[in-house]
Amino acid sequence: VTSLLIDFIGSASYLIPLLGEAFDLTWAPTSMILVGALYDDIMPNLKYVALMEELLPLTDWIPSAMLGWVREFGPGILEEWRGRGQGMKTA
């Protein structure tokens, strides 16, 4: 949920026509700190991706926080899904 919120706030700047880019300048360091706090142990460079995503124009569509979430939890979800599939019997 936190990753979705971080990406949503970063993308919400599109809703404010002229002030959106100014908002991105203030949100970029905050986003970098939050993404770094969440995913620095898994993807140490992701915080810099989050920073550049917010600073560069037209890159807000990149879900950088969600990329960290998928990297951290995706393999476990796949393993759980595979484990459930092996327990199923086919007719």
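Residue numbering note: each chain is counted from 1, following its sequence as written. Local features in this predicted model are restricted to residues of pLDDT 70 or higher, and side-chain atom pairs are both shown and tallied only at a pLDDT of 80 or more, whereas totals for entire chains, interfaces and linings draw on every residue. For side-chain calculations, the full set of non-hydrogen atoms in the structure is used, while hydrogens and water are omitted.

1. Here's the deal with unusual backbone geometry
Okay, so step 1: Phi at L58 takes a positive value of approximately 65°, unusual for a residue other than glycine.
Okay, so step 2: Tracing the sequence through the fold places L58 in the loop between α3 (46-55) and α4 (64-86).
Okay, so step 3: Given a relative accessible area of 67%, L58 falls into the exposed group. Secondary structure elements are taken from DSSP: a helix is a run of H or I of four residues or more, a strand is a run of E of two residues or more, and numbering for both begins at the N terminus. Relative accessibility thresholds used throughout: buried, under 20% of the residue-type maximum; exposed, over 50%; partly exposed, between the two (1.4 Å probe, protein chains only).

2. With respect to the nonpolar core
Burial of nonpolar side chains together is a common tendency in soluble globular proteins.
Okay, so step 1: Residues belong to one nonpolar core when they are buried, are Ala, Val, Leu, Ile, Met, Phe, Trp, Tyr or Cys, and are joined through side-chain atoms within 4.5 Å. Judged by nonpolar contacts, I6, W27, V35, Y39, L46, A50 and A65 together constitute the single largest core of seven residues.
Okay, so step 2: Contributing elements (two or more residues each) for this core: α2 (20-39) and α3.
Okay, so step 3: Examining the composition of this core, we find that three residues originate from one element, α2, more than from any other.
Okay, so step 4: The criterion used for residue contact is that any of the two residues' heavy atoms lie within 4.5 Å. Discounting chain neighbours no more than four positions away, the residues touching W27 are I6, I9, G10, L34 and E54.

3. Overview of the pattern of salt bridges
Okay, so step 1: When a carboxyl oxygen of Asp or Glu lies within 4 Å of a side-chain nitrogen of Lys or Arg, that pair is called a salt bridge. What the rule picks out here adds up to two salt bridges.
Okay, so step 2: For K47, the salt bridge goes to D40, with nearest N and O atoms at 3.3 Å.
Okay, so step 3: Using a relative accessible area of 31% as the deciding quantity, one classes D40 as partly exposed.
Okay, so step 4: Of the charged contacts in the structure, one is a salt bridge between E79 and R82, with a shortest N-O distance of 3.1 Å. Separated by three residues within a single helix, E79 and R82 lie in helix α4, roughly one turn from each other.

4. Concerning α2
Okay, so step 1: Fitting one axis to the seven residues ending at a residue and another to the seven starting there, the bend at that residue is the angle between the two axes. Helix geometry: α2 is bent most strongly at W27, by close to 35°, with proline P29 lying one to four residues after it.
Okay, so step 2: Among the residues of α2, those classed as buried are G20, D24, W27, A28, S31, V35, G36 and Y39.

5. Points about a nonpolar patch on the surface
Okay, so step 1: A cluster of nonpolar side chains, contributed by L25, M52, L55 and L56, occupies part of the molecular surface with about 350 Å² of accessible area.
Okay, so step 2: The topology assignment puts M52 in helix α3. Note on patches: the residues involved have over 30% relative accessible area and no salt bridge, like charges join within 9 Å, and the nonpolar side chains Val, Leu, Ile, Met, Phe, Trp and Tyr join within 5 Å. Only the protein chains shown count as covering a residue, and every accessible area follows the Shrake-Rupley method with a 1.4 Å probe.

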